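Topology and contacts: notes
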Amino acid sequence: MLLALRSYQKVQNWHQADACCSTGSVRNAADPKKPNPNINTTLPESGPGFRTYNREENGVDQVGLPETIAFIQRLGGEWEKESDIPFQVGDISRAGGGSFPPHEAHQNGTEADLRPFRKDGAMEPTNINDASYDRDKTRQWCQLVKRIDPGATILFNDSQLIKEGLTRFYKGHHNHLHLRPSLTSDSLDQGC
Ligand SMILES: [Zn+2]
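Ile72, Val89, Val145, Ile154 and Leu179 are the most contacted members of the largest nonpolar core, which has 26 residues in total. For this core, the secondary structure elements donating two or more residues are helix H2 (66–82), strand S5 (87–89), strand S6 (112–114), helix H3 (135–148), strand S7 (153–155) and strand S8 (177–180). If one sorts the elements of this core by residue count, H2 sits on top with five residues. Ignoring sequence-local partners within four residues, the contact set of Leu179 consists of Glu111, Ala112, Leu114, Val145, Ala152 and Ile154.

Here it is as structure tokens:
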């Protein structure tokens, strides 16, 4: 009975942590309903080590906290030293944060979606079940993220990378990686 209760609590905690980390909890610490003026920095369309995809005009869907954007750019600079193939960044947040359908998350300017790497290096989509998917390159990129920011969370459903402790499973994440650096999690997400 006690054992059953313990495992029930464990499951509950796991779900709570996941829900918290995937949706982000607070976009404006003072008033969650109000836009956060700090979510104001747009990722450039491209830069050293990175490109963007599915970008709306003027990058209105690629806005984050200054430290989130700085992290992606720093990651790009480091990645360029070890790879000729840039990584590809998709949705981040909208200016001021808040609702960003169809995402549950991406409300706090702290998270970015990225494409997995392809063996042909093309700036195109792929997924873990596609022959074009390049696990080794994707692993290498995850390892770099963890080296720069050991507390970073990467949601991505490659079971091998999950086994290696690089990524975590989250529904729907077979065709993109969801990155949340820890550098930005303290200021808005209240310790999640
Ligand atoms: Zn995402």
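With that settled, consider unusual backbone geometry. The bulk of non-glycine residues show a negative phi, and the bulk of peptide bonds are trans. Of note, the bond from Pro101 into Pro102 is cis; its omega dihedral lies within 30 degrees of zero at 5°. The residue Pro102 is located in the loop between S5 and S6 in this model. A positive phi is found at Asn54, a non-glycine position, where the angle reads about 50°. Within the secondary structure layout, Asn54 lies in the loop between strand S3 (50–52) and strand S4 (63–64). The partly exposed category is assigned to Asn54, around which 13 C-beta atoms lie within 10 Å. Not every positive phi belongs to a glycine, and His106 is a case in point at roughly 60°.

On to H2. Along its 17 residues, H2 runs 25 Å from first to last C-alpha, staying within 8% of the 24 Å computed at 1.5 Å per residue. The set of residues buried in H2 consists of Thr68, Ile69, Phe71, Ile72, Leu75, Gly76 and Trp79. Seen from one end, H2 has its buried residues packed into an arc of 150°, which puts them on one side.

Moving on, we come to the packing of H2 against H3. For the pair H2 and H3, the least separation of the axes is 11 Å and the interaxial angle reads 125°. Considered as vectors, H2 and H3 are oriented oblique to each other. Crossing of H2 over H3 shows right-handed handedness. Contacts between H2 and H3 involve Leu75, Glu78 and Trp79 on the former and, on the latter, Trp141, Leu144, Val145 and Ile148.

This part is about the pairing of S8. Across the two faces of S8 the burial is the same, with Leu177 and Leu179 and His178 and Arg180 all buried. Note: S6 against S8, three bridges, orientation antiparallel. Among the inter-strand pairings, Leu114 is bridged to a residue of S8, identified as Leu177. Pairing between S7 and S8: three bridges, direction antiparallel. What sits directly across from Leu155, in S8, is His178.

Let us look at H3. For H3, with 14 residues, the first-to-last C-alpha span of 20 Å sits near the 20 Å given by 1.5 Å per residue. Those residues of H3 not exposed but buried are Thr138, Trp141, Cys142 and Val145. What you see down the axis of H3 is that its buried residues fit within an arc of 100°, all on one side. Away from its buried face, by an angle of more than 90 degrees, H3 presents the exposed residues Asp136 and Arg147. Looking at the packing, one finds that the buried side of H3 touches H2, S5, S7, helix H4 (159–163) and S8.

Rules used in this analysis
Residues numbered from 1 in each chain as written. Predicted model: local features only at pLDDT ≥ 70, side-chain atom pairs only at ≥ 80, totals over all residues. Core = buried A, V, L, I, M, F, W, Y, C linked by C-beta atoms within 7 Å. Buried ≥ 20, exposed ≤ 12 C-beta atoms within 10 Å, placed from the backbone. Helix = DSSP H or I, 4+ residues; strand = E, 2+ residues; numbered from the N terminus. Contact = placed C-beta atoms within 7 Å. Expected span 1.5 Å × (residues − 1). Arc of directions from axis to C-beta. Axes fitted to C-alpha atoms, helices over the stretch in contact; angles between N-to-C directions. Parallel < 35°, antiparallel > 145°, perpendicular 65-115°, else oblique. Left-handed = near helix turned anticlockwise from the far one by under 90°. Pairing = 2+ DSSP bridges.

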